[in-house]
Amino acid sequence: MTETLDLEQNHIVARVRASYPESIAELISFRGELTIVIRPEYLRRVAQFLLTEADLAFTYLSDVTGVDRFPTEPRFELNYHLLALSRRETVRLRVRLNGADPVMDSVVPVWPTANWHEREIFDLLGVRFEGHPDLRRMLLPDDWEGYPLRKDYPVEGPR
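Computed from a predicted model, the values in this text were never measured in an experiment.

(A) Looking closely at the packing of aromatic side chains. The final tally for this structure, using the stated rule, is two aromatic pairs. On the basis of an interplanar angle of 80° and a centroid distance of 5.8 Å, the ring pair of Y20 and F49 is categorised as edge-to-face. Residue Y20 is located in the loop between α2 (11-19) and β1 (24-30), and its partner F49 is located in helix α3 (residues 43-52); the two are separated by 29 residues in the primary sequence. With relative accessibility at 8%, the residue F49 sits in the buried group. One cation-aromatic arrangement involves R87 over F58; the distance from NZ or CZ to the ring centre is 5.4 Å. Just above the ring of W116 sits the side chain of R119; from NZ or CZ to the centre is 5.9 Å.

(B) Summary view of the sheet that holds β1. Across the sheet, which stays open at both edges, the five strands sit in the order β1-β2-β5-β4-β3 with mixed pairing between neighbours. Each edge of the open sheet carries a strand with a single partner, namely β1 and β3 (60-68). For this sheet, the mean inter-axis angle between neighbouring strands, taken without regard to orientation, is 20°. Pairing between strand β4 (residues 76-84) and strand β5 (residues 89-97): nine bridges, direction antiparallel. Bridged to N79 within β5 is R94. Here α2 sits on the sheet and contacts β1, β2 (33-38) and β5; the angle it forms with β1, its principal contact strand, is near 175°. Relative to β5, α3 is tilted by about 170°, and along the sheet it contacts β2, β4 and β5.

(C) Structural detail: the packing of α2 against α3. Direction vectors running N to C along α2 and α3 enclose 125°, while the axes themselves pass 11 Å from each other. Our classification of the angle between α2 and α3 gives oblique. The handedness of the crossing between α2 and α3 is right-handed. Residues I12, R15, V16 and S19 of α2 form the contact with α3, whose participating residues are V46, F49 and L50. Residue composition of the contact of α2 with α3, grouped by class: five nonpolar, one polar and one charged.

(D) Representation of unusual backbone geometry in the model. Geometrically, the link from F70 to P71 is a cis peptide bond, its omega value of 10° lying close to zero. Its place among the elements puts P71 in the loop between β3 and β4. Put simply, E73 and P74 share a cis peptide bond, and its omega is -5°. With respect to the element layout, P74 can be found in the loop between β3 and β4. Although it is not a glycine, A57 adopts a positive phi angle of roughly 50°. Tracing the sequence through the fold places A57 in the loop between α3 and β3. What makes A57 buried here is its relative accessible area of 17%. Here the phi dihedral of R88 falls at roughly 55°; this positive angle occurs in a residue that is not glycine. Take R88: it is sitting in the loop between β4 and β5.

About the cut-offs
- Residues numbered from 1 in each chain as written.
- Predicted model: local features only at pLDDT ≥ 70, side-chain atom pairs only at ≥ 80, totals over all residues.
- Heavy atoms only, no water.
- Phe/Tyr/Trp six-rings, centres within 6.5 Å; stacked < 30°, edge-to-face > 60°.
- Helix = DSSP H or I, 4+ residues; strand = E, 2+ residues; numbered from the N terminus.
- Buried < 20%, exposed > 50% of the residue type's maximum accessible area, 1.4 Å probe, protein only.
- Lys NZ or Arg CZ within 6 Å of the ring centre and 35° of its normal.
- Pairing = 2+ DSSP bridges.
- Axes fitted to C-alpha atoms, helices over the stretch in contact; angles between N-to-C directions.
- Contact = heavy atoms within 4.5 Å.
- Parallel < 35°, antiparallel > 145°, perpendicular 65-115°, else oblique.
- Left-handed = near helix turned anticlockwise from the far one by under 90°.
- Nonpolar A, V, L, I, M, F, W, Y, C, P; charged D, E, K, R; others polar.

Given below as structure tokens:
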């Protein structure tokens, strides 16, 4: 419990909570790395806030990763790895999505580098990104059926 209280004192958490109090679902610290679990409907607003606030300035999105937690729900996790270059400070934003209809707002308008990351997640996990400028497969052929990184994908491929 004390670790969660300590996380509340973190300046990033405090700023996000002050501007978007309902956005934070959970705070996680593991090996000194901060993860803020954001409710999906707030992701783009929180991302824009973290980018544009001068004392935060998370200008670099280094990676977006997708995880399939099948058979648990929410099934999918998206992890956005951010870096404030001027302070050499990192934070991870995590969003959890239900498996029935995994849709998330694109953060390409915030960080253009998310373009290919989101396309890769769409291609391999089937998570759709609303507002993405060019959401189409990038690794697999257009006529490929299914999403090979899903845990329920047939091990031997489609038949």
